[in-house]
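Summary of the model geometry
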Amino acid sequence: MDVDTRLLRYFAAIAEEGNLTRAAHRLFVSQPSLTKQLKHLESQLGVRLFTRSSTGMRLTDAGRAFAARVPPVLAGWDAAVGETRSAARVLRVGFLASAAGDATQRIVSAFGEVRPGWRVDLEQAPWSDPSAGLATADVPVALLRLPFLGEEGCKVRVLFSERRCVALPSAHPLACRAEIAFPELWDEPVVVAPALKGAWRDHWLALSERDGREVCIGAVVEKPDEFLGAVASGHGIALVPASAPHFYARPDVVYVPVTGVSPSEIAVAWQPDAGDAVTDFVRCCVDVTRSRRTSCGTRWG
């Protein structure tokens, strides 16, 4: 019988957290999806792995026996995959949206000079995974925006920051403004990424800068094209990085700088034991962004 390693990771997370909701947040999946995958695993094994209680999920005897075996299996699989990829001289790099912006290809080129013969595979993650694949160990290193869930378990280096602006439908009354104070947007419905809890979502809703005002969710989207469509259709506005107009220009969406909100920080994050190739990639990220200077509210450093 073959079992998908992703199912094993789901089982391990539930066993460690003892709670479906916390495990779902950790894995960046919805709770119903996680429940469905658990049932699928139990069906494949032909045993019940957990029982529900008032305090959460409790392992059955079969579940405890399985839990003792799963971590070594996953560790062995991860080691085998890592060694295979190293031998293949391919570095997989996760990223969100525009990654490190215009500097991304310069970073990749710099890495190629440091490690001739190596290839960088850039793998875009959906907005539902702010860790860009790090949390599930799908990639050893990622270009992403802070904060993200699981940040405390990774090494992180801030590369630069940029101010935030607001994406508005072109027909919005504030679309013609040169700048908007954040309080003017507090009562507007907002377009958000899938309903995750935590610091990443709070940052993009600017909850700490709303003076206690509740957020009205106008639409929930997972991909950039869906986001732009929701804004253009008037379902809501959204705080975005100042570089968004460069990568996501549309005639029916306008981007206006916002005052009164903190900037967005772009970082490279990596697994602590990721290896020498990742160390070289991180060094290239730092060197390239340190030498870059831009205008329009972006600080590189």
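This text goes with the structure placed above it.
The following paragraphs examine the structure supplied in this document. Because the structure is predicted, anything quoted here is derived from the model rather than measured. (Residues numbered from 1 in each chain as written. Predicted model: local features only at pLDDT ≥ 70, side-chain atom pairs only at ≥ 80, totals over all residues. Heavy atoms only, no water.)

1. Quick word on the packing of aromatic side chains
What the rule picks out here adds up to 5 aromatic pairs. With a centroid separation of 5.5 Å and an interplanar angle of 50°, the aromatic rings of F11 and F50 are classed as tilted. Placement of the pair is F11 in helix α1 (residues 5–17) and F50 in strand β1 (residues 50–53), with a sequence separation of 39 residues. Residue classification places F11 among the buried residues on the basis of a relative accessible area of 1%. (Phe/Tyr/Trp six-rings, centres within 6.5 Å; stacked < 30°, edge-to-face > 60°. Helix = DSSP H or I, 4+ residues; strand = E, 2+ residues; numbered from the N terminus. Buried < 20%, exposed > 50% of the residue type's maximum accessible area, 1.4 Å probe, protein only.)

2. Topic: the side chain of D129
Looking at the element boundaries, D129 is found in the loop between β4 (119–125) and β5 (141–146). R6 is the oppositely charged side chain nearest to the buried, salt-bridge-free D129, at an N-O distance of 7.7 Å. In this structure the side chain of D129 is engaged in a polar contact, spanning 2.9 Å, whose partner is the backbone nitrogen of G133. (Lys, Arg positive; Asp, Glu negative; His and termini not counted. Salt bridge = Lys/Arg side-chain N within 4 Å of Asp/Glu carboxyl O. Polar contact = N/O pair within 3.5 Å; in protein donor to acceptor, adjacent residues only side chain to side chain.)

3. What about the environment of P241?
Considering the arrangement of structural elements, one finds P241 in strand β11 (residues 238–241). The class for P241 is buried, based on a relative accessible area of 14%. Put simply, P241 and E265 are 24 residues apart on the chain and 9.3 Å apart in space, counted from C-alpha to C-alpha. Setting aside chain neighbours within four positions, we find P241 in contact with R145, E162, R163, C165 and W204. (Contact = heavy atoms within 4.5 Å.)

4. A closer look at the nonpolar core
Membership of the largest hydrophobic core comes to 44 residues, with the highest contact counts inside it found for L144, V166, F227 and Y255. The set of elements that each furnish at least two residues to this core consists of β5, β7 (164–169), α6 (199–205), α7 (224–232), β11, β12 (253–259) and β13 (264–270). Once you skip the residues sitting within four places of it in the chain, Y255 turns out to touch C165, V166, A167, L228, V240, A244, P245 and Y248. (Core = buried A, V, L, I, M, F, W, Y, C linked by side-chain atoms within 4.5 Å.)

5. Some details on the pattern of salt bridges
For the structure shown, the criterion picks out 17 salt bridges. Of the charged contacts in the structure, one is a salt bridge between D121 and R119, with a shortest N-O distance of 2.8 Å. Since its relative accessible area comes to 46%, R119 is described here as partly exposed. Taken together, the shared-partner salt bridges in this structure form one network comprising E16, E17, R22 and R26.

6. Focus: the pairing of β1
Pairing geometry for β1 and strand β2 (residues 56–59), over 4 bridges, is antiparallel. Within the sheet, the bridge partner assigned to S53 lies in β2 and is G56. Here β1 folds back onto β2, and the loop between the two strands holds 2 residues. (Pairing = 2+ DSSP bridges.)

All quantities given are derived from atomic positions and should not be read as evidence of function.
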